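# A look at the structure
Below, each chain spelled out in residue letters.
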Amino acid sequence: MAPEVDPDHALMIEDNFLDTMLVDPKRDRFPCCIVWSPLPVLSWFIPFIGHIGICREDGIILDFAGPNFVSVDNFTFGEPTRYFQVSREHCCCIPPYPAENTSEYVENNDESGSNVDTWDAALRKSIQEFQHLSYSIFTCNCHSFVANGLNRLGFQAGGWNVVNLAIFIFLKGRWVNKTSIVKTYLPPLVVLGLGLIFGGGTFLTYLVIFMFVLIGWFLLGTYFFKKLIHV
């Protein structure tokens, strides 16, 4: 039987929680967000491919940056250009408010087990897992880490992988500011323009082949050989 909660107390909890969820790009603080930034060179040719991270409740960015290494508060390829703030109400594995404010109606679980009861506890378990994994852009990358965290949180019932996560942040991500749009799309436009000027149809053909091969790899590794790409 669920315990009764004082409505005034619940309202105070909600107000305090909303205050802590404010995004502050100047300080690189994105509470409970997925963040994205373009990759050098690769994003110049395929602008919807980039580097991705997930943030703690206090807004600090976590990203899988290399073999056995999850970077904390130092986003690997510079400031985020896009972000999406995840609603805790859409995460079925954690309560709608931070656990320290709702301890009276949250059942705590041992963090050594498979269950988690806070946002940060879920991300902590992802960190523990990826600190023992080798990094590979083709089989175990930053998207794998974020998808793993979202699945632990139960965001939109889980089922996240590197493909649907990349599509999600590309379609749903919000621009941090107008400069972020320029930072993301100016290099690809310059590369495309120079490629067409000096390479013409040949450049465009090789670019399309490169895109199909790369996208095809992740589609095959995600949906046909499911153990090939780690999540």
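The structure under discussion appears in the preceding block.
Bear in mind that the values here come from a model prediction, so they are computed numbers and not experimental data.

## Side note on the overall build of the protein
- Secondary structure assignment for the protein yields seven helices and six strands.
- By the burial criterion, 42% of the 231 residues in the protein qualify as buried.
- Put simply, of all contacts in the protein between residues at least 6 apart along the chain, 63% involve residues at least 24 apart.
- Counting every atom, the protein has about 12700 Å² of accessible surface; 62% of that belongs to carbon and sulfur.

## Details of the side chain of His51
- Relative to the assigned elements, His51 resides in strand β2 (residues 50–55).
- For His51, a relative accessible area of 1% gives the class buried.
- At a separation of 2.7 Å, a polar atom in the side chain of His51 contacts the side chain of Asp63.
- Not counting residues within four places of it along the chain, the set of residues in contact with His51 comprises Val35, Trp36, Ser37, Leu39, Asp63, Phe64, Phe75, Thr76, Phe77 and Cys142.

## Quick notes on the pairing of strand β3 (residues 61–66)
- The buried fraction of β3 is high, at five of six residues.
- Bridging between β2 and β3 involves two bridges; their strand directions are antiparallel. When the bridges of β3 are listed, Cys55 appears paired with Ile61.
- Counting the residues between successive antiparallel strands, the hairpin from β2 to β3 contains five residues, one of them, Gly59, with a positive phi of roughly 95°.
- Both β3 and strand β4 (residues 69–72) contribute to a ladder of four bridges, which runs antiparallel. Bridge assignment links Asp63 to a residue of β4, and that residue is Ser71.
- The antiparallel pairing of β3 with β4 creates a hairpin that spans two residues between the two strands, and Asn68 there sits at a positive phi of about 60°.

The rules we used
- Residues numbered from 1 in each chain as written.
- Predicted model: local features only at pLDDT ≥ 70, side-chain atom pairs only at ≥ 80, totals over all residues.
- Heavy atoms only, no water.
- Helix = DSSP H or I, 4+ residues; strand = E, 2+ residues; numbered from the N terminus.
- Buried < 20%, exposed > 50% of the residue type's maximum accessible area, 1.4 Å probe, protein only.
- Contact = heavy atoms within 4.5 Å.
- Areas by Shrake-Rupley, 256 points an atom, 1.4 Å probe, with all protein chains shown as cover.
- Polar contact = N/O pair within 3.5 Å; in protein donor to acceptor, adjacent residues only side chain to side chain.
- Pairing = 2+ DSSP bridges.

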